[in-house]
Amino acid sequence: MNDTILTAAKESSAAAAGAKTNPTRYANAIRALAMDAVEKAKSGHPGMPMGMADVATVLFQRFMKFDASRPDWPDRDRFVLSAGHGSMLLYALLYLLGYPGMGRKELENFRQLGSPTAGHPEYGHAAGIETTTGPLGQGLATAVGMAIAERLSATRLGDDLVDHFTYVIAGDGCLMEGVSHEAIDLAGHLKLSKLILFWDDNSISIDGPTSLATSTDQIARFAAAGWHVAHIDGHDPEAVAQAIAAAQADPRPSLIGCRTLIGYGAPTKQGKESCHGAPLGAAEIDAAREALVWPHAPFELPDDVLEAWRTAGRRGAKAREAWEARRAASPKGAAFDAFMKADVAAEIAKPLAEFRATLVAEKPKIATRKSSEMALGVINAATQATIGGSADLTHSNFTITKGMGEVAPDDFSGRYIHYGVREFGMAAAMNGIALHGGFAPYGGTFLVFSDYARGAIRLSALMGLRVIYVLTHDSIGLGEDGPTHQPVEHLAALRAMPNLHVFRPADAIETAECWELALASRHTPSVLSLSRQNLPTLERPIGENLSAKGAYVLRDAAGKRDVTLLATGSEVEIALVAADILAKQGLKAAVVSMPCWELFEAQSEAYRAEVLGGAPRVAVEAAVRLGWDRWIGERGAFIGMSGFGASGPAGELYKHFGVTAEAVADAARTLVKT
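Residues numbered from 1 in each chain as written. Predicted model: local features only at pLDDT ≥ 70, side-chain atom pairs only at ≥ 80, totals over all residues. Heavy atoms only, no water.

Undergrad: I'd like to hear about the pattern of salt bridges, residue by residue, with values.
TA: Here the idea is simple: oppositely charged side chains can pair when their charged atoms come close. Per the counting criterion, the structure on display carries 36 salt bridges. Close ionic contact of E108 with R104 constitutes a salt bridge, the shortest N to O distance being 2.8 Å. One end of the pair, E108, and the other, R104, are both in helix α6 (residues 104-108), four residues apart, so they sit about a helical turn from each other. The class of R104 is partly exposed, set by a relative accessible area of 34%. Salt-bridge contacts for E571 lead to R504; the nearest nitrogen and oxygen are separated by 2.6 Å. Highlighted residues: E571 in helix α23 (residues 571-584) and R504 in the loop between β13 (501-503) and α22 (508-520), separated in sequence by 67 residues. Residue classification places E571 among the buried residues on the basis of a relative accessible area of 0%. On the basis of relative accessibility, which here comes to 0%, the residue R504 falls in the buried class. Connected via shared salt-bridge partners are D67, R70, D72, R320 and E324. (Salt bridge = Lys/Arg side-chain N within 4 Å of Asp/Glu carboxyl O. Helix = DSSP H or I, 4+ residues; strand = E, 2+ residues; numbered from the N terminus. Buried < 20%, exposed > 50% of the residue type's maximum accessible area, 1.4 Å probe, protein only.)

Undergrad: Kindly report on the environment of R458, identifying the contributing residues and their values.
TA: Along the chain, R458 falls in helix α20 (residues 450-463). The class of R458 is exposed, set by a relative accessible area of 53%. Remark: the alpha-carbon pair of R458 and K370, spanning 88 residues in sequence, is separated by 27 Å.

Undergrad: How would you summarise the sheet that holds strand β12 (residues 468-472) if you had to cite specific residues and measurements?
TA: Taken together, the six strands give an open sheet; going across it, the order is β10-β9-β11-β12-β14-β13, and neighbouring strands pair in parallel fashion. Either end of the sheet is taken by a strand with one partner, and the two such strands are β10 (416-418) and β13. Across the sheet, the mean angle separating the axes of adjacent strands is 20° when strand polarity is ignored. Strand direction decides the pairing type here: β13 and strand β14 (residues 526-529), joined by three bridges, are parallel. Along β14, the bridge assignment pairs H501 with S526. This element, α22, spans β9 (386-390), β11 (440-446), β12, β13 and β14 of the sheet and lies at about 150° to β12. (Pairing = 2+ DSSP bridges. Axes fitted to C-alpha atoms, helices over the stretch in contact; angles between N-to-C directions. Contact = heavy atoms within 4.5 Å.)

Undergrad: Tell me what's going on with the confidence of the model for the protein, and back it up with residues and numbers.
TA: Averaged over every residue, the pLDDT of the protein is 96; the share at 70 or more is 97%. Long-range and interchain partners of residues 1-20, a stretch whose pLDDT sits below 50, account for 30 contacts in this model, where long-range means more than four residues apart. (pLDDT = per-residue confidence, 0-100.)

Undergrad: Provide a residue-level description of helix α11 (residues 237-249), including the pertinent values.
TA: With 13 residues, α11 extends 19 Å between its outermost C-alpha atoms, agreeing within 8% with the 18 Å of an ideal straight helix rising 1.5 Å per residue. Looking at α11, one finds that the buried residues are P237, A239, V240, A241, A243, I244 and A247. Next to the buried residues of α11 lie α2 (23-41), α4 (53-63), β2 (166-171), β3 (195-201), β6 (228-233) and β7 (254-259). The backbone nitrogen of E238 has a side-chain oxygen 3.1 Å away, supplied by the residue at the start of α11, namely D236. (Expected span 1.5 Å × (residues − 1). Polar contact = N/O pair within 3.5 Å; in protein donor to acceptor, adjacent residues only side chain to side chain.)

Undergrad: An account of the pairing of strand β20 (residues 637-640) is needed here, citing residue identities and associated values.
TA: By the alternation rule, side chains of β20 split into A637 and I639 and F638 and G640, which are all buried. One ladder, built from four bridges, connects strand β19 (residues 617-621) with β20; its direction is parallel. Residue pairing for β20: E621 is matched across the bridge by G640.

Undergrad: With reference to specific residues and values, describe the pairing of strand β18 (residues 589-593).
TA: Within β18, five of the five residues are buried, which leaves it mostly tucked inside the rest of the structure. Pairing analysis gives five bridges linking strand β17 (residues 563-567) to β18, with the strands arranged parallel. Across the sheet, residue V563 finds its bridge partner in β18, namely A589. As for the winding sense of the linkage, the β-α-β connection from β17 through α23 to β18 is right-handed. (Right-handed = clockwise from strand over helix to strand, strands pointing away.)

Undergrad: Give me the side chain of D75: which residues, what numbers.
TA: Take D75: it is sitting in the loop between α4 and β1 (78-81). Of the polar contacts made by the side chain of D75, one reaches the side chain of K65; its length is 2.8 Å. A polar contact of 2.7 Å, which involves the side chain of D75, links it to the backbone nitrogen of D163. Not counting the four nearest positions on each side in its chain, D75 is found in contact with K65, L161, V162, D163, H164 and W323.

Undergrad: Lay out the packing of helix α16 (residues 344-362) against helix α17 (residues 368-382) in plain terms, naming residues and giving numbers.
TA: With their axes 9 Å apart at the nearest point, α16 and α17 run at an angle of 150° to one another. Compared by their axis directions, α16 and α17 come out roughly antiparallel. The two elements α16 and α17 meet at a crossing, and its hand is right-handed. Within the contact between the two elements, α16 uses E347, I348, P351, L352, F355 and L359 and α17 uses M374, A375, V378, I379 and A382. Taken together, the residues of the contact of α16 with α17 sort by class into ten nonpolar, no polar and one charged. (Parallel < 35°, antiparallel > 145°, perpendicular 65-115°, else oblique. Left-handed = near helix turned anticlockwise from the far one by under 90°. Nonpolar A, V, L, I, M, F, W, Y, C, P; charged D, E, K, R; others polar.)

Undergrad: Give me the lowdown on the packing of aromatic side chains, citing residues and values where you can.
TA: Within the structure shown, the criterion is met by 19 aromatic pairs. For the pair F60 and F66, a centre-to-centre distance of 5.8 Å together with 70° between the ring planes defines the contact as edge-to-face. Of the two residues, F60 and F66, neither departs from the other in class, the shared state being buried. Where F66 meets Y99, the ring centres are 6.1 Å apart and the plane angle is 10°; that geometry is what we call stacked. Within this pair, whereas F66 is found in the loop between α4 and β1, its partner Y99 is found in the loop between α5 (87-97) and α6, the two being separated by 33 residues in sequence. The exposure classification of F66 matches that of Y99, with both residues buried. (Phe/Tyr/Trp six-rings, centres within 6.5 Å; stacked < 30°, edge-to-face > 60°.)

Encoded structure:
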C-alpha cells in the first residue's frame, strides 16, 4: 500500500509541477515545512502533519470561513488541532495563510525557548491558535464546548450574526482517551451540527500499530452516539471536499474518518511509527523531496504556491466585511458587542452588595452549597452571560436557579447544561465555552471528583480562562457516603496548581464574596469548595469584600495575641469556638479566616504579617496538612486529617478524627506553654 500511494504522490506532484493547480502541490508545502522545522529543532512529530496535509489543504483553501488579517473575527470558523503533537501542521498553515506574527523565522525556531511555535499549540502564543492542545482527547472535548457556545450565541443573537463551524483534527490517540467518549456522547446527544471532526486514521501510535492496543470500530462508535459518519481516502482531495460538504449539510455532528499514511512522502518511514515523534533525518528528507517533486531548500517555497496560500488567507475578507455590515445594521448589534465584552463583574456588583446586606440582617445558618445557590440566583438574574451546569448532581450541587431554562438538543435558549456523569468532559467543554467568548461558564460536581476533571482544570489555569468549578461536599462533613466521597487531599492538590483560585468560604457572606471574585477574574479559573453541612453566618463588617484579600482577621484578640487560629470553610466555626474556650482559660486568641490562599499570597508582606501576627499559630481544616506549614510556621500546629475518612454522621466523624474546637484549644495551650 505504501508503494502504491507514494507512486501516486509522485505522479500527482509531477502533474502539479506542470499545471501548478493540483492541491497536492499545496499540501506538499505543509509537508516540507513540517519535516524541515522538526529536523532543524532535532525534535518533534513530522508524521501527522505530513499525513493530514491533504485534508488540511482542502479544508482551509475551500471551506474554512476566516480572515487571516483579522484572526479575532467573532464569526470565524474555529479550528482545533486535538492531536497537538502534530503542531507543525497548524504552524505551517498559519504561516502559509499569512496570519500576523507567524513568519519563516518562527518556523525556523520551532520548539525553541520564547518562540510562539511551541512543541504543542499554546493558546495565546500566536494568532490562530484557538486552544491549548497536547493532552490527547482534550482538544476534541474543548471543541464540543465551542460548538455548544456557537449554538447558544446564535439562539440569542441570530444566525445572521453567529453562524460558524468548529473543525477538529484528532488522531487515534485522541479517540483512545476516555474523555473522547464523554465528548462524542454529549455532542451527539445535543445534535451539534456545526461540529466536524476529522479522524486521522493512520493506524499508528508511538508503540507501533494501533492493533497492539485497540480493536474499536470508531465509525460504528460515533454512529452509535448519534453522529453522521463517513470514511474516505484522506489523500484524495475531492473525496475530502465531498465529505466536508455532506457534513456541513447534515443536522448531526460529523465524523470524517480519513485513511492516511503517517509521514506521507517519506519513502522508507511513511506508515511506520518511526516517523511519529522523531525527525526524519537528512537522508530521508532528501528522498522525500525527490518523491514529492519538491526541489526547494529548507523553508523555501515557490512563489506561486505561497501566493495561492496567501490568497486563501484573504478569501474570507469579503465575508467578514459583509458580517461587519450586518452587525452595524442589526438591531442586535449593540447587544452583540456587549455580549462579547462579557463584563459580568459590572453587572453583578450592586445586586451582590445588596444581597450581602440581606445576609447580615437575616444571618441564615445554611450550607455553603446552599448559599452558593442563593448567590447564583442573584447573579443569574443580573447577567445573561452565565452558563451553568452539573455532572448529574444538579440538586446536590445546587447549581440551577429559577428561570435559567435547560439546554436541550433542539433548544439552546436555556442557560443550564446537563453534562451527565462526565466530569472531565464537562470541564473541557466549559473551557471551550469560555474560549469561544461571551459566556462565563460554571459547572458543579463533588470536590472528590475534581480528580476526574483535573486535566481540564489544569488547562483552564494554563490558558487563563474564566471557568468556575462549583465543588460541593468538600470534606468529611458530607458524612455517610464514606471515604470514597470524602475529599481529604484535594484542596492541597488544587492549591498546588498555578493560576487557580481555590475558594473555601466559611459562610453565606464569604460565599457571595467568592462568587463575585471568581466572576471578576477574567484570566484565572476558580474553584468554590462548598460544604454539605449547615454553617452559621459569622459576625464581621461587610463594607468591603474581605475575601478579596484572601485572608483577614475575623475576630481579633483584646490586646496582644497569645495565639492565632487559622481556618477555612466549615472549620472557621470550630476556630471561633476554640477561641471562646481559650478566652475562658485566660488566653487571647485571634481568629483568621482564609478563604483563598492564592489571593492572600498576592497581598503585601506587611498585610500578611499583620493578619498572621507574631504569636504561635494553629490551623484547622478537615483536610490533610500539606501546604499549611507555609502559614503556621515551624512552631505551628495543625488539626485536620492524616488519612482517609469513614462512613458515619458528620458530627461523629469530626469527633472521631479529632477535628474539634477542644483539639484546637489543646494544641493552642501546648504552643503557648512552650
